Structures are given as C-alpha cells and as structure tokens.
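# A look at the structure
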Amino acid sequence: MHVTAHAADVTEEAAVRRVIEAVDATGHPLRGVVHAAMHMDDAVLSGLTDDRFAAVPAPRAAGAALPDRLTADRDLDLFLVHSSVSAGIGNPGQAAYAAANAHLEALVRARRGAGRPGTALAWGRSAGPATSPAAAREPP
C-alpha cells in the first residue's frame, strides 16, 4: 500500500485534476479518496448574506462532487467523506453547514446505489479545549 496526502482547492476542477495526475504519475493506481474539506460561517439565517451562505456548502458539496465525477471511471476501494450529525439533527446557526452535510450523505447514497464505494462518517461535536468538560462548566 502506498498512501499520499494532497491538499487542493476541491472547488476548482483544475486543482482536483492536478492531484489525480500527480497520483497517476507515481505509478501507483488511485485507490481511494478522503474528502474532509469544510468552511464554517455560523449565524442565524437572517444574519447571512447570499455570499456567506453559499460559501459554506461549496467545499462540502462541490468539493465532493468533483472527485466523485473525476474518479467515476476508476476502480476505487474507498470514497470517504467527513460529514456531520448536523445533517440529520441540525444545529443552531448552522443551516448552511447542515445542508452541505446532507448533500454529502446523498452523494454517498447515490454512489452506493450505483455499486460504487462510498462512506459518510458523520462526526459529532468536536473535542478540544473549547469543548472540554472544564470549559463547559465555565461561565461565558
């Protein structure tokens, strides 16, 4: 097994094509895609402009659709997208983010329905200093 990580703007087709070409140039076949791109801009809907709302799903929705389309002719073993439980339960101030994650999960269902690999890993709340039990007890 040969694993490499690449960073690219997954909303730009040329950038995604360059990554695929770089993998092809190694002589190892592309066997999997892990999509973990995201953009956050939390606000209630009335506080979002059209541009702010559109910026949130772009790396999730378009960013998964491009690798999906550009690898359609490949025999992949893995197509993993990092989603969020917000797709199913929502989250205050994250309507655009929840919609983007629902799109990812629909894309994975479509892939699986077509007999192609696809897994959506729906993460829950992140752990870290701001979400630690101690931080939760501190007043805002």
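In this report, the structure presented in the accompanying data block is examined. None of the values given here were measured: they were computed from a predicted structure. (Residues numbered from 1 in each chain as written. Predicted model: local features only at pLDDT ≥ 70, side-chain atom pairs only at ≥ 80, totals over all residues. Heavy atoms only, no water.)

## A word on the sheet that holds strand E2 (residues 78-84)
The three strands are arranged E1-E2-E3 in an open sheet whose pairing can be described as parallel. Of all the strands in the sheet, just strand E1 (32-35) and strand E3 (119-123) have a single pairing partner and so form its edges. Sheet twist, expressed as the average angle between the axes of neighbouring strands with direction ignored, equals 20 degrees. Here four bridges tie E1 to E2, and the two strands are oriented parallel to one another. The residue of E2 that forms the bridge with Val33 is Phe79. Strands in contact with helix H5 (residues 95-113) are E1, E2 and E3; relative to E2, the strand with the most contacts, it is inclined by about 155 degrees. (Pairing = 2+ DSSP bridges. Helix = DSSP H or I, 4+ residues; strand = E, 2+ residues; numbered from the N terminus. Axes fitted to C-alpha atoms, helices over the stretch in contact; angles between N-to-C directions. Contact = heavy atoms within 4.5 Å.)

## Some remarks on empty space enclosed by the protein
This model, assessed by the stated rule, comprises one cavity of 30 Å³ or more. When its volume is computed, the largest cavity comes out at roughly 30 Å³. Along the walls of the largest cavity sit Asp41, Asp42, Val56, Gly93, Gln94, Ala95, Ala96 and Tyr97, which together make up its complete lining. Among the residues making up the lining of the largest cavity, the classes are represented as four nonpolar, two polar and two charged. (1 Å grid on protein atoms, 1.4 Å probe; cavity = no way out; pocket = protein on both sides within 12 Å on 5 of 7 lines; lining within 4 Å. Points joined across faces, edges and corners; volume = space filled by probe spheres on them. Nonpolar A, V, L, I, M, F, W, Y, C, P; charged D, E, K, R; others polar.)

## Section: the environment of Ala99
Structurally, Ala99 is set in helix H5. Remark: the alpha-carbon pair of Ala99 and Ala61, spanning 38 residues in sequence, is separated by 9.1 Å.

## Structural notes on the packing of helix H1 (residues 13-25) against helix H3 (residues 57-70)
It is the contact of H1 with H3, at a shortest axis distance of 10 Å, that shows an interaxial angle of 50 degrees. In terms of their interaxial angle, H1 and H3 are classed as oblique. Regarding H1 and H3, the two cross each other, and that crossing is right-handed. Counting all contacts with H1, which are made through Glu13, Val16, Arg17 and Ile20, the residues of H3 involved are Leu66, Pro67, Arg69 and Leu70. Tallied by class, the residues present in the contact of H1 with H3 amount to five nonpolar, no polar and three charged. (Parallel < 35°, antiparallel > 145°, perpendicular 65-115°, else oblique. Left-handed = near helix turned anticlockwise from the far one by under 90°.)

All quantities given are derived from atomic positions and should not be read as evidence of function.
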